[in-house]
Amino acid sequence: MSSKRYLFTSESVTEGHPDKVCDQISDAILDEFLTKDNQSRVAAETAVTTGVVFVCGEITANCYVDIPHVVRRTIENIGYTGKSSGGFDSKNCAVLTSIDEQSTDIAGGVNKAFETRDNNASTSETETANLGAGDQGIMFGFACNETKEYMPLPISLAHKLAFRLAEVRKQGILKYLRPDGKSQVTVEYVDDKPVRIDTIVISTQHDDEINGVIDNRQIQEIIKNDMIEHVIKPVFENYDLKPDSTTKYLINPSGRFVIGGPQGDAGLTGRKIIVDTYGGYSRHGGGAFSGKDPTKVDRSAAYAARYVAKNIVAAGLADKCELELGYAIGVAQPVSIMVDTFGTGKISDDEITKLVEKNFDLRPVAIINQFDMRNLPSKNGGMFYQKLAAYGHMGRTDIDVPWEHTDKAATLKEQAASICG
């Protein structure tokens, strides 16, 4: 029987990418509201283009937030200021807002779950304990044992390259870099195991002059050498699989990347959902994360699904695991739970599903409370969700993310052992 051989590619983008600028602004607004009022209901959307930021959405909170100030602060922290602004400057851009309150129809379904609406309990404590899902939808979580963080190798590498690209810019190691950038990694698999790095792509925004050099061909050669030396090599030091003599490097393949960020392309919240999750290696329910408070299951349930899948793989019950959750608006319990281990499970998928139902409470309020999602911004200096808005919401190792904990793995392993007899 011949081996199954294929190439798989995942991409990431830096925090200066126009879509990621929007994600970070939306999550910075969420952080600010939750820090001041942890019961805030937030659905903040952002759009950017040359010289303009537009924030809209529905927000209900018992506090005031200076949204334009949050917007400008976020843009400045990303690096769009002064010389590096590239036509989009934190101090000079226009900030437009159009904010309404959350729909009372939606709030009614969320505040008290369908399952408890017929009982006579009326205390706010009882209602809070039975929050319904903020919307219908499907959410997927995934984990595999290809990397230490239980993420697919292509997206793990792409994120690390994008993160390092921003790091060398912010630390002044490569002073000519500007905030916008992208990375992409193609990995060769044989029988579903990564065996070779086939292609590495990095596109990085840069000054139109580098150390007095103005010839574009020379500039691109400098950038290519610097990317290999200061970005690619340091990232691969932490991985067993490294580029070899056949690996292809495509650095700024367009030939020039001076105009970038919101000046080069308009940006919008929620337009990098595959970058935010598993790089296309797993299915996606379609819902974005950024700008949404924890009652939105697009966010909280996707994090919970990752938590479940990661604990299953960490317990040794499978080499890879995908979990699908389905919700209905106003209903607390998931309408469906599906486990797929792609034939790698040590026990059946049905048996793993039963373990999930036994050990994980997947009602929205239980997820929120377990991860303490309403208090994460205040516990992290007023900035938590904004940090997740670039370089992935899953598999993070640079910050303490509760859904990345594997505290259920030992229990799952013990219970699975009893099933096996």
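Right above here is the structure, for reference.
Everything in this summary refers to the structure shown in the same document. The structure presented is a predicted model; accordingly, all values stated were derived computationally and were not measured.

Tallying secondary structure elements over the chain gives 14 helices and 11 strands in all. Relative to a compact globule of 421 residues, whose C-alpha radius of gyration would be 22 Å, the chain shows 22 Å and is just as compact. Counting only C-alpha atoms and orienting by the principal axes, one finds that the chain spans roughly 75 × 60 × 30 Å. When burial is assessed residue by residue, the chain has 55% of its 421 residues classed as buried. A separation of at least 24 residues holds for 74% of the contacts in the chain among residues at least 6 apart in sequence. Surface accessibility of the chain: about 17800 Å² in total, with carbon and sulfur atoms responsible for 48%. Of the side-chain charges in the chain, 46 are positive and 58 negative, and the distance between the mean point of each set is 4 Å.

What follows deals with the nonpolar core. Formed by 102 residues in total, the largest nonpolar core has its most connected members in Met227 and Trp403. Per element, the largest residue contribution to this core is 11 residues, and it comes from helix α9 (residues 297-314). Sequence-distant contacts of Trp403, that is, excluding residues within four places in its chain, are made with Tyr303, Arg306, Tyr307, Phe371, Leu376, Phe384, Leu388, His393 and Met394.

So, about the sheet that holds strand β5 (residues 137-144). Strand order in the open sheet formed by three strands is β5-β10-β11, with antiparallel pairing between adjacent strands. In the strand order of this sheet, the two ends are held by β5 and β11 (336-340), each with one partner. On average, adjacent strands in this sheet sit at an angle of 15° to one another, irrespective of strand direction. As defined by bridge partners, β5 adjoins strand β10 (residues 320-327) across eight bridges and the pair is classed as antiparallel. Paired with Gly141 across the strands is Leu323, a residue of β10. Strands β5 and β10 of the sheet are contacted by α9, whose axis makes an angle of about 30° with β5.

Let's shift gears to the side chain of Thr204. When you line up the elements, Thr204 lands in strand β7 (residues 193-206). The residues contacting Thr204, other than those within four sequence positions of it, are Leu165, Leu177, Asp180, Gly181, Ile223, Met227, Asn252 and Phe257.

On to the pairing of strand β8 (residues 248-251), then. Where β7 and β8 come together, four bridges link them in parallel fashion. Directly across from Val201, in β8, lies its bridge partner Leu250.

What follows is about the packing of aromatic side chains. Counting across every chain of the model gives 16 aromatic pairs. Taking 5.2 Å as the distance between ring centres and 5° as the angle between the ring planes, the aromatic pair formed by Tyr6 and Tyr189 counts as stacked. With Tyr6 in strand β1 (residues 5-13) and Tyr189 in strand β6 (residues 177-190), this residue pair connects regions lying 183 residues apart in the sequence. Judged by relative accessible area, Tyr6 falls into the partly exposed class, the value being 22%. Owing to a relative accessible area of 0%, Tyr189 belongs among the buried residues under this scheme. With centroids separated by 6.1 Å and ring planes inclined at 45°, the aromatic side chains of Tyr189 and Tyr281 adopt a geometry described as tilted. Of this pair, Tyr189 sits in strand β6 while Tyr281 sits in the loop between α8 (273-276) and α9, and the two are 92 residues apart along the sequence. Ring pairing ties together the aromatic residues Phe289, Tyr303, Tyr307, Phe360, Phe371, Phe384, Tyr385 and Trp403, which thus form one cluster. Taking the ring centre of Phe342 as reference, the NZ or CZ of Lys320 above it sits at 6.0 Å.

Looking at the element boundaries, Gln24 is found in helix α1 (residues 18-36). In the structure, Gln24 is positioned 267 residues away from Gly291 in sequence and 8.3 Å away in space, judged by C-alpha atoms. Within polar-contact distance, the side chain of Gln24 engages the backbone oxygen of Glu15 at 2.8 Å.

So, on to the pattern of salt bridges. One pass over the structure, following the stated rule, counts 26 salt bridges. Ionic pairing is found between Arg299 and Asp27, a salt bridge with its closest N-O pair at 2.9 Å. Residue Arg299 is located in helix α9, and its partner Asp27 is located in helix α1; the two are separated by 272 residues in the primary sequence. Of the residues examined, Arg299 reaches a relative accessible area of 0% and is grouped as buried. Here Asp27 falls in the buried class, since its relative accessible area comes to 0%. For Arg178, the salt bridge is made with Asp207, and the minimal N-O distance between the two is 3.0 Å. Here Arg178, found in strand β6, pairs with Asp207, found in the loop between β7 and α6 (216-236); they are 29 residues apart in sequence, far enough to count as distant. What makes Asp207 buried here is its relative accessible area of 5%.

In the contact formed by α9 and helix α11 (residues 364-371), the axes pass within 10 Å of each other and the chain directions differ by 70°. Taken together, the axes of α9 and α11 lie roughly perpendicular to each other. The two elements α9 and α11 cross, and the hand of that crossing is left-handed. Here Val297, Ser300, Ala301, Tyr303, Ala304 and Tyr307 of α9 lie close against α11, whose contacting residues are Pro364, Ile367, Gln370 and Phe371. Looking at the contact of α9 with α11 residue by residue, the class counts come to eight nonpolar, two polar and no charged.

As a further point, take the state of the cysteines. Scanning the entire structure with this criterion turns up zero disulfides. With no disulfide of its own, Cys22 lies 10 Å from the sulfur of Cys56, the closest cysteine sulfur. With relative accessibility at 25%, the residue Cys56 sits in the partly exposed group.

Parameters at a glance
- Residues numbered from 1 in each chain as written.
- Predicted model: local features only at pLDDT ≥ 70, side-chain atom pairs only at ≥ 80, totals over all residues.
- Heavy atoms only, no water.
- Helix = DSSP H or I, 4+ residues; strand = E, 2+ residues; numbered from the N terminus.
- Rg over C-alpha atoms; globule rule 2.2 N^0.38 Å.
- Buried < 20%, exposed > 50% of the residue type's maximum accessible area, 1.4 Å probe, protein only.
- Contact = heavy atoms within 4.5 Å.
- Areas by Shrake-Rupley, 256 points an atom, 1.4 Å probe, with all protein chains shown as cover.
- Lys, Arg positive; Asp, Glu negative; His and termini not counted.
- Charge placed at Lys NZ, Arg CZ, Asp CG, Glu CD.
- Core = buried A, V, L, I, M, F, W, Y, C linked by side-chain atoms within 4.5 Å.
- Pairing = 2+ DSSP bridges.
- Axes fitted to C-alpha atoms, helices over the stretch in contact; angles between N-to-C directions.
- Phe/Tyr/Trp six-rings, centres within 6.5 Å; stacked < 30°, edge-to-face > 60°.
- Lys NZ or Arg CZ within 6 Å of the ring centre and 35° of its normal.
- Polar contact = N/O pair within 3.5 Å; in protein donor to acceptor, adjacent residues only side chain to side chain.
- Salt bridge = Lys/Arg side-chain N within 4 Å of Asp/Glu carboxyl O.
- Parallel < 35°, antiparallel > 145°, perpendicular 65-115°, else oblique.
- Left-handed = near helix turned anticlockwise from the far one by under 90°.
- Nonpolar A, V, L, I, M, F, W, Y, C, P; charged D, E, K, R; others polar.
- Disulfide = S-S within 2.5 Å.

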